[in-house]
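The primary structure of each chain is shown beneath.
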Amino acid sequence: MKKLINLTIAATAALALTTSLHAMDEKKDCDVKANGITKVIATANVYNEQAKKKGLEFRRLNVNNSDLIIAVEEAIKTGAKEVNPMHFKGKKKSKTKLETTYAAERACRFAIAALTQAKEAKTTWRLAVPGDGYKY
Amino acid sequence: MLLKIAKTTALIALTVSALNAADFNAQAEKDRIALVKYFEAKFEDPLKNRNTFFPYSTDDELKNNIMGGLKKDDFSIGNYAYSKNGRASYDEIKEFPPTEEWIEVGEELYNKKFANGNSFANCFANPAETGAAYPMFDEKRKEVITLTVAINECLTNNGEKKWGTSKGKMAHLQSYFAASATEEEKVIDVKIESPEAAVAYEDGKEYYYSQKGYLKLNCANCHVQGAGQRVRNESLSQLLGQTSHFPVYRLKWGAKKTENGLGTLERRMSGCIKDQGQVPPSNTSKEMRNLLFFMAYMNNGMKFDGPDFRK
């Protein structure tokens, strides 16, 4: 049992390390067919934590991406084909219902996109400023 | 002779400090002037300039709804500044504004004694000046203080519990301050007098113009470049004038409970960021404070006209 726990910790740490080192690629990293749903949701988890820390987490139709990730993780455990994540206020379920594989892929893409677009914005935001990069 | 030297030194010190103070807001002032110029150009003659500013608007909208010839001060009333249809409804509601009773509630809150015998008057001696003073950069604390933060600090300093930061009592008290500032014809005058204040301004500016959320929108997509355009049946308001009239009573917010109809600027910004598809920063976070600081600076020179109402 102890060995199993250690193995799990090591695997998560390794995944965290590799995800932080390699270039993020939504299409590749979030492909459930290619990577398997467990790995995709683990990737989502790692990147979403980073997004949260930076204040960049996505929310769609009152569902925070972290709640979508939790719903997928639960569905993997129970084998549910559909997820119904919590409303961001945490008191009730949201109106969102998604097929589990699709939800995993979306959670992963949202987590990566939050980080990549913030990085991209560092060099593009001035293009929208009148008197600076925005010309008319 | 010694007095002469002392006077000259003092004069030089004063001049240098004045020059520095002017320097710290140089970029912000440049941004503000460029923004005013942009909106005045955009709304000078919408039909004539459609290719530049209104490529997706219909002939009917440009001829019959979007008004032209607007100048800086006209923009203080949001999209009612340019939308003929919106303005007609606005003027009608303005005859019996839904904000009146909440200003009175706010005044009662202002005068109500805390358990320790003090009241808000001990923290904010002049309601009109209070309404005009925030957001401001506190040079001692080296951070932006919003009216919401200041009110809650007043409460906790007097042994009271903090209030919620979006609606209810917080918005009601702020409406009293805003009405007082409006009555005394106060003008928005956000100051940037240190490098730290300039950094806070730049942070807020970057936040405003950075794309975020799953829709990958920045605030400017709708409220600078998109201002005047229509999303479904809503005309998008312009950044210029967006902070001059808060707190605001929104018919949408008050639909279920009228006492919740009035909301703070933080409530509105939070909703807007949520609409971009992102978890908004908390109402008292550094991100939110710096964002409001930037937005308020863009409105410098405009008259306060809050509390107001919107759809």
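None of these values were measured; they are calculated from a predicted model.

Visitor: Talk me through the overall build of chain A; I want residue IDs and the actual numbers.
Guide: Summing up its helical and strand segments, chain A has six helices and four strands in all. Sequence-ordered secondary structure for chain A, helices as α and strands as β, is α-α-α-α-β-β-α-β-β-α. A total of 136 residues make up chain A; the buried ones form 35% of that total. Taking the contacts inside chain A whose residues are at least 6 apart along the sequence as the reference set, 62% of them involve residues at least 24 apart.

Visitor: Report on the domain arrangement of chain B, specifying residues and quantitative values.
Guide: All names here are of chain B. When the domains of chain B are assigned, the result is domain 1 (36–97 + 195–310) and domain 2 (100–183). One C-alpha centre belongs to domain 1, the other to domain 2, and the line joining them spans 24 Å. Of all the elements in the fold, those that place two or more residues in the side of domain 1 that touches domain 2 are helix 11 (195–209), strand 6 (262–263), helix 13 (265–276) and helix 14 (286–298). Sort the elements by how many residues they give to the side of domain 1 that touches domain 2 and helix 14 lands first, with five residues. Each residue belonging to the side of domain 1 that touches domain 2 can be placed in one class, and the counts come to eleven nonpolar, seven polar and six charged.

Visitor: Go over the nonpolar core, please, and point to the residues and values.
Guide: Of all hydrophobic cores here, the largest spans 69 residues; its most connected members are Y201, Y208, L291, F293, F294, M295 and Y297 of chain B. The biggest single contributor to this core is helix 14 of chain B, with nine residues. Per-domain counts for this core show at least three residues from each of domain 1 (36–97 + 195–310) and domain 2 (100–183) of chain B. If we ignore the near neighbours within four places in the chain, the residues touching Y297 of chain B are A28, R32, V190, I192 and Y201 of chain B. Grouped together as the second largest cluster of nonpolar side chains are 27 residues, A44, V46, A51 and I69 of chain A included.

Visitor: I'd like a description of the interface of chain A and chain B, backed by residues and values.
Guide: Across the contact, 17 residues belong to chain A and 24 residues belong to chain B. Sorting elements by how many residues they give to the side of chain A that touches chain B places helix 6 (residues 100–124) of chain A first, with four residues. Looking at the side of chain A that touches chain B residue by residue, the class counts come to ten nonpolar, four polar and three charged.

Visitor: Describe the environment of N45 of chain A, and please don't skip the residues or the numbers.
Guide: Within the fold, N45 of chain A resides in helix 4 (residues 37–53). Note: C-alpha distance between N45 of chain A and N84 of chain A (39 residues apart in sequence) is 18 Å.

Visitor: Got a sec to walk through the packing of helix 9 (residues 147–157) of chain B against helix 10 (residues 169–183) of chain B? Specific residues and values, please.
Guide: Residue and element names in this part refer to chain B. In the contact formed by helix 9 and helix 10, the axes pass within 11 Å of each other and the chain directions differ by 110°. Taken together, the axes of helix 9 and helix 10 lie roughly perpendicular to each other. In the crossing of helix 9 with helix 10, the sense of the turn from one axis to the other is right-handed. Contacts between helix 9 and helix 10 involve L147, T148 and I151 on the former and, on the latter, M170, L173, Q174 and F177.

Visitor: How would you sum up unusual backbone geometry? Please name residues and give values.
Guide: A cis amide bond links F246 of chain B to the next residue, P247 of chain B, at an omega of 0°. Its location among the elements puts P247 of chain B in the loop between strand 4 (234–235) and strand 5 (248–250). Unusually for a residue other than glycine, N62 of chain A sits at a positive phi of about 65°. Tracing the backbone through its elements, the reader meets N62 of chain A in the loop between strand 1 (59–60) and strand 2 (63–64). Look at N62 of chain A and you get partly exposed, because 16 C-beta atoms sit within 10 Å.

Definitions and cut-offs
Residues numbered from 1 in each chain as written. Chains lettered and ligands numbered in written order. Predicted model: local features only at pLDDT ≥ 70, side-chain atom pairs only at ≥ 80, totals over all residues. Helix = DSSP H or I, 4+ residues; strand = E, 2+ residues; numbered from the N terminus. Buried ≥ 20, exposed ≤ 12 C-beta atoms within 10 Å, placed from the backbone. Contact = placed C-beta atoms within 7 Å. Domains from an automatic or database assignment. Nonpolar A, V, L, I, M, F, W, Y, C, P; charged D, E, K, R; others polar. Core = buried A, V, L, I, M, F, W, Y, C linked by C-beta atoms within 7 Å. Axes fitted to C-alpha atoms, helices over the stretch in contact; angles between N-to-C directions. Parallel < 35°, antiparallel > 145°, perpendicular 65-115°, else oblique. Left-handed = near helix turned anticlockwise from the far one by under 90°.

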